[in-house]
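# Structural overview for review
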Amino acid sequence: LFDGIYPFYLQQRKVSIFDVSTIIVIVVFLTLTCSFLLIIPGIRGRARLYWTLRVLLSLVVGVVIVAVQFTGDWETGWVKANTSYKSFSRAVVNADIGLHVGLAGVNVTLMGNPVNQVNETINYNEHFAWSFDADYDHSYNEGLERGLPSPILYVAEKFTTQSPCSMLRQYRISGHYASATLWVAFCTWLISNMLFSMPVLVYGGYMLLVTGAFMIFSLLSFSTVRNSLMCPIQFGTATLHIGYGGSFWLTLAIGLLCFAAGITVVALHYFNLDLLKTFFDLREEKAEDYQEMTEVYINPHFVNKGL
C-alpha cells in the first residue's frame, strides 16, 4: 500500500469495447479469409469473382454475429464534468466519464482532462459483469475495497441489486436473451452455408432470412431495457445520457443485409434460376450432366465389314 492506495489490481482489466475474446474471434475469421484468398487463383473465369463475393460476405456476417457477443458498446454515453475524485477528499477533477453497456456487463471509464491531476494519472476503465454466472454485487464490493474513484463507483452503484433503480435485472435478462438469439442466428448462418454448397439454393436463402430474423429478435430483446425507468446519472449540473452504440447498429445492418441477400436468392430462384445457378457456379455442372454427344466419329474399317 502507498498512502492507502492499492498499487495493483486483483482482477483483469478490460477495455471498454474490445477484449481478448473479441480479438480471438476476429483473428480466427481473418485466418479463414486469408486461407480462402490463397486458393482464389485456382478458380477460373468469372466464378472467381462470384466465389470471392459469396465467401467474403458470408464471413462478414459470421464474424459480426460472434464478435458482438463480447463487445461492450451496445449502449454508450459520455459526459464531461467537474466531480469529486475520491471519497473523504475535497479534491475536484475535470474528467470525461463514459458508460459502455454490453450483453454481459458494463464498463465505466474515467479519463481526466488533463490526464495528470491531483498528483495522479486519472485514466481508469473498470468492468463489472452481470451475466448469470457472475456476481455483480461482489464485483462492486471489490471496487469499494480497492478504493476506486467516486465517479466510477457512483455509476456502478446504479446497477447493483440494492439500488432503487432496479436496472440490473432488466439489463441481465435482456442481455441474456439477446445473446441466446444471436447464437441461434449463428447456427442458422452455418446451416445456410451448408445449403448453399448443395443444389438447394432456395433453402439457403430461407435460412438467410431466418438468420436476419434472429438478429433482429436480439435487437428487440436488448431494446426492452428502454421500457424500464432509467435513473438519471448526474454529476453536478451535467447528466450522463446513453444511447445505442456501434455494436447495436452493426448488428442491425448485418441483419438487414441477411434479409436483402435472402430475398434476392429466393426471388432469383423463382424468376431467374439460371442467373442464380451461374452465381453459385452450378450451371456448368448441370450442363455437363445433361450434355448430349453432338458429333459421332465412325471407323470406316468396321463399317466396310458390316459391323
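Definitions and cut-offs
Residues numbered from 1 in each chain as written. Predicted model: local features only at pLDDT ≥ 70, side-chain atom pairs only at ≥ 80, totals over all residues. Heavy atoms only, no water. UniProt positions renumbered as here; feature names shortened; annotations may be inferred. Helix = DSSP H or I, 4+ residues; strand = E, 2+ residues; numbered from the N terminus. Contact = heavy atoms within 4.5 Å. Core = buried A, V, L, I, M, F, W, Y, C linked by side-chain atoms within 4.5 Å. Buried < 20%, exposed > 50% of the residue type's maximum accessible area, 1.4 Å probe, protein only. pLDDT = per-residue confidence, 0-100. Phe/Tyr/Trp six-rings, centres within 6.5 Å; stacked < 30°, edge-to-face > 60°. Lys NZ or Arg CZ within 6 Å of the ring centre and 35° of its normal. Pairing = 2+ DSSP bridges. Polar contact = N/O pair within 3.5 Å; in protein donor to acceptor, adjacent residues only side chain to side chain.

Per an unreviewed UniProt entry, the protein goes by DOXA2 factor and derives from Aramus guarauna. The record held by UniProt for the protein lists under Sequence similarities (unreviewed entry) the comment "Belongs to the DUOXA family." The heading Subcellular location (unreviewed entry) in the UniProt record of the protein holds the text "Membrane".

### A look at the environment of Pro 149
Residue placement: Pro 149 occurs in the loop between α3 (136–146) and α4 (150–157). Among residues more than four places away in sequence, those in contact with Pro 149 are Tyr 85, Lys 86, Leu 110 and Tyr 124.

### Details of the nonpolar core
With 59 residues, the main nonpolar core has Leu 99 and Tyr 171 as its most contacted residues. Those residues within four positions of Leu 99 in sequence are excluded, and the remaining contacts are Glu 75, Thr 76, Gly 77, Val 106, Asn 107, Val 108, Val 155, Phe 159, Ile 233, Leu 240 and Ile 242. Phe 196, Val 265, Leu 276 and Phe 280 belong to the second largest nonpolar core, which has seven residues in total.

### Focus on the confidence of the model for the protein
Mean pLDDT over the protein works out to 83, with 86% of the residues at or above the 70 mark. Here residues 8–12 is modelled with pLDDT under 50, and outside its nearest four sequence neighbours on either side it reaches ten contacts, counting other chains as well. When the criterion is pLDDT under 50, residues 285–293 qualifies, and its contacts beyond four places in sequence or with other chains add up to one contact.

### Re unusual backbone geometry
Of note, the bond from Asn 113 into Pro 114 is cis; its omega dihedral lies within 30 degrees of zero at 0°. Among the structural elements, Pro 114 can be located in strand β3 (residues 105–117). With a phi angle near 45°, Val 118 is a residue other than glycine that sits in the positive phi range. As for its placement among the helices and strands, Val 118 is situated in the loop between β3 and β4 (120–129). Taking the relative accessible area as the measure of exposure, Val 118 reaches 38% and is therefore partly exposed. Backbone geometry places Asn 119, a non-glycine residue, at a positive phi of 60°. Within the fold, Asn 119 resides in the loop between β3 and β4.

### A closer look at the packing of aromatic side chains
Under the defined criterion, the tally for this structure stands at 19 aromatic pairs. Ring geometry for Tyr 50 versus Phe 279: centroids 5.3 Å apart, planes at 45°, classification tilted. Taken together, the positions of Tyr 50 in helix α2 (residues 47–67) and Phe 279 in helix α8 (residues 273–279) put the pair 229 residues apart, joining distant regions of the chain. An aromatic cluster is built from Trp 74, Trp 130, Phe 159, Tyr 171, Phe 222, Tyr 244, Phe 248 and Trp 249, whose rings are joined through pairwise contacts. Just above the ring of Trp 51 sits the side chain of Arg 54; from NZ or CZ to the centre is 4.3 Å. The residue whose ring lies beneath Arg 54 is Phe 279, and the NZ or CZ to ring-centre distance is 5.9 Å.

### Some words on the pairing of strand β1 (residues 75–84)
Across ten bridges, the pairing between β1 and strand β2 (residues 92–101) is antiparallel. Bridging across to β2, Lys 80 finds its partner in Asp 96. With two bridges joining them, β1 and strand β7 (residues 243–244) adopt antiparallel strand pairing. Pairing of Thr 76 across the sheet is with Gly 243, part of β7.

### Here's the deal with α3
Buried within α3 are the following residues: Tyr 136, Asp 137, Ser 139, Tyr 140, Gly 143 and Arg 146. One side-chain oxygen of the residue at the start of α3 lies 3.3 Å from the amide nitrogen of Asp 137, identifying that residue as Asp 135. Directly beyond the C-terminal end of α3, a positive phi value near 70° is found at Gly 147.

### A few points about the sheet that holds β2
Strand order in this open sheet of five strands is β4-β3-β2-β1-β7, and the pairing throughout is antiparallel. Whereas interior strands pair on both sides, the edge strands pair on one side only; in this sheet they are β4 and β7.

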